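In case you want the letters, here they are:
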Amino acid sequence: MKPIPESPVATSVMPSPNHGERRGGPPTMLLLHYTGMESAAAALQRLANPISEVSAHYVVLEDGRVIQMVPESRRAWHAGAGVWGRTASGLERDINSRSIGIEIVNGGHVGGLPPYPSKQIDAVIALSRDIIARWGIAPWHVLAHSDVAPERKEDPGEHFPWDRLAAAGVGHHVPAAPIRDGRFFAEGDAGQPIEALQAMFALYGYDIPVTGIFDPRTKAVITAFQRRFRQERVDGVADASTITTLRDLLAGLPSR
């Protein structure tokens, strides 16, 4: 008998051996990735290969088919080293244990960041909504891989249509503030404004020390934020558009 997918959105099961016991409780986050490989077949082979030591709960193909690879009750190996805040215990450092991972077949930045087909995004939305409903995942815990690992990861990239997901009830989103001339902060700046900026990003959930120095970590966090929330210009510079968009997102969060 063929295994039955947990989500009614999934069309088939291709088991991966790469998983383990969850630690610290049930999943509270949904993490979206791109595969960043030349083909779906290559990505599936890697995710099912015990030598690779990587996996995901689901893979969404370009034509909208969804393959389950790891049971949701198990800890898939999709996030690697990463951190996210706004959890009951503060910064969560075992993202794999507390998340469900969806790999979206796309060549990624190394492949020229091709557009995501509409059928594929429809499937991502349907799958995400099903997972969110069953596990009670909060909108601000629907994350990009680059959110939890801003110095290592870029996926799912600045072409991913987060606004379309938000319109369907998936994730936390506000319209990006318009880009305009004015004061900005960049690498090498220091002082109280940088400290306040870092504190705002930390409040949203990013793992960023509040040092008052605009260092490479700060630039990486801002770049990840722009890939997600201000996609028109991804440059790691904290301009008025970036800061205003962050402020608007913070205004929509519940008080702790």
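Here, the structure is the one placed above.
Residues numbered from 1 in each chain as written. Predicted model: local features only at pLDDT ≥ 70, side-chain atom pairs only at ≥ 80, totals over all residues. Heavy atoms only, no water.

K.L.:
Hey, could you go over the overall build of the protein chain for me, with residue numbers and the actual values?
P.N.:
When helices and strands are counted, the protein chain shows 7 helices and 10 strands. Its C-alpha atoms give the protein chain a radius of gyration of 18 Å, near enough to 18 Å, the size a compact globule of 256 residues would have. By principal-axis analysis of the C-alpha atoms, the protein chain measures approximately 65 × 35 × 35 Å. Looking at the protein chain as a whole, 54% of its 256 residues qualify as buried. Long-range pairs, those at least 24 residues apart, make up 69% of the contacts in the protein chain with a sequence separation of at least 6. Carbon together with sulfur atoms contributes 55% to the accessible area of the protein chain, which is approximately 11200 Å² in total. Considering the protein chain, the positive charge centre built from 26 side chains and the negative charge centre built from 28 side chains are found 4 Å apart. (Helix = DSSP H or I, 4+ residues; strand = E, 2+ residues; numbered from the N terminus. Rg over C-alpha atoms; globule rule 2.2 N^0.38 Å. Buried < 20%, exposed > 50% of the residue type's maximum accessible area, 1.4 Å probe, protein only. Contact = heavy atoms within 4.5 Å. Areas by Shrake-Rupley, 256 points an atom, 1.4 Å probe, with all protein chains shown as cover. Lys, Arg positive; Asp, Glu negative; His and termini not counted. Charge placed at Lys NZ, Arg CZ, Asp CG, Glu CD.)

K.L.:
Lay out the sheet that holds strand 9 (residues 99-104) in plain terms, naming residues and giving numbers.
P.N.:
By way of backbone hydrogen bonds, the strands of a sheet pair with one another, either parallel or antiparallel. Strand order in the open sheet made by the 6 strands is 1-5-4-9-3-10, with mixed pairing throughout. Edge positions in the open sheet fall to strand 1 (12-13) and strand 10 (142-144), since each of these has one partner strand only. As paired elements, strand 3 (residues 29-34) and strand 9 share 6 bridges and run parallel to each other. Bridge assignment links Leu-32 to a residue of strand 9, and that residue is Ile-102. (Pairing = 2+ DSSP bridges.)

K.L.:
Go over helix 2 (residues 118-135), please, and point to the residues and values.
P.N.:
Taking 1.5 Å of rise per residue, the 18 residues of helix 2 would be expected to cover 26 Å, and the 26 Å separating its terminal C-alpha atoms lies within 8% of that figure. Those residues of helix 2 lying buried are Gln-120, Ile-121, Ala-123, Val-124, Ile-125, Leu-127, Ser-128, Asp-130, Ile-131 and Ile-132. On its buried face, helix 2 sits against strand 3, strand 4 (58-60), strand 5 (66-68), strand 9, strand 10 and helix 4 (162-167). Downstream of helix 2 by a residue or two, Gly-136 has a phi angle that is positive, lying close to 65°. (Expected span 1.5 Å × (residues − 1).)

K.L.:
Hey, could you go over the nonpolar core for me, with residue numbers and the actual values?
P.N.:
Looking at soluble globular proteins, one finds that nonpolar side chains tend to be buried together. Judged by nonpolar contacts, the single largest core of 29 residues is most densely connected at Trp-84, Ile-95, Val-148, Phe-201, Tyr-204, Tyr-206 and Phe-225. Elements that contribute at least two residues to this core include exactly strand 3, helix 5 (192-204), helix 6 (216-229) and helix 7 (240-251). The greatest single-element share of this core, amounting to 5 residues, is contributed by helix 6. Contact partners of Tyr-206, with chain neighbours within four places excluded, come to Trp-84, Asp-147, Phe-201, Val-221, Ala-224, Phe-225 and Phe-229. Judged by nonpolar contacts, the second largest core, of 26 residues, contains Tyr-58, Ile-131, Val-142 and Phe-160. (Core = buried A, V, L, I, M, F, W, Y, C linked by side-chain atoms within 4.5 Å.)

K.L.:
Explain the packing of helix 5 against helix 7 to me, and be specific about the residues and the numbers.
P.N.:
Packing of helix 5 against helix 7 brings their axes to within 10 Å, and their N-to-C directions diverge by 40°. By the angle between their directions, the pair helix 5 and helix 7 is classed as oblique. Judged by the twist between their axes, the crossing of helix 5 over helix 7 is left-handed. For the pair helix 5 and helix 7, contact is made by Leu-197, Met-200, Phe-201, Leu-203 and Tyr-204 and by Thr-242, Ile-243, Leu-246, Arg-247, Leu-249 and Leu-250, respectively. Grouping the constituent residues of the contact of helix 5 with helix 7 by class yields 9 nonpolar, 1 polar and 1 charged. (Axes fitted to C-alpha atoms, helices over the stretch in contact; angles between N-to-C directions. Parallel < 35°, antiparallel > 145°, perpendicular 65-115°, else oblique. Left-handed = near helix turned anticlockwise from the far one by under 90°. Nonpolar A, V, L, I, M, F, W, Y, C, P; charged D, E, K, R; others polar.)

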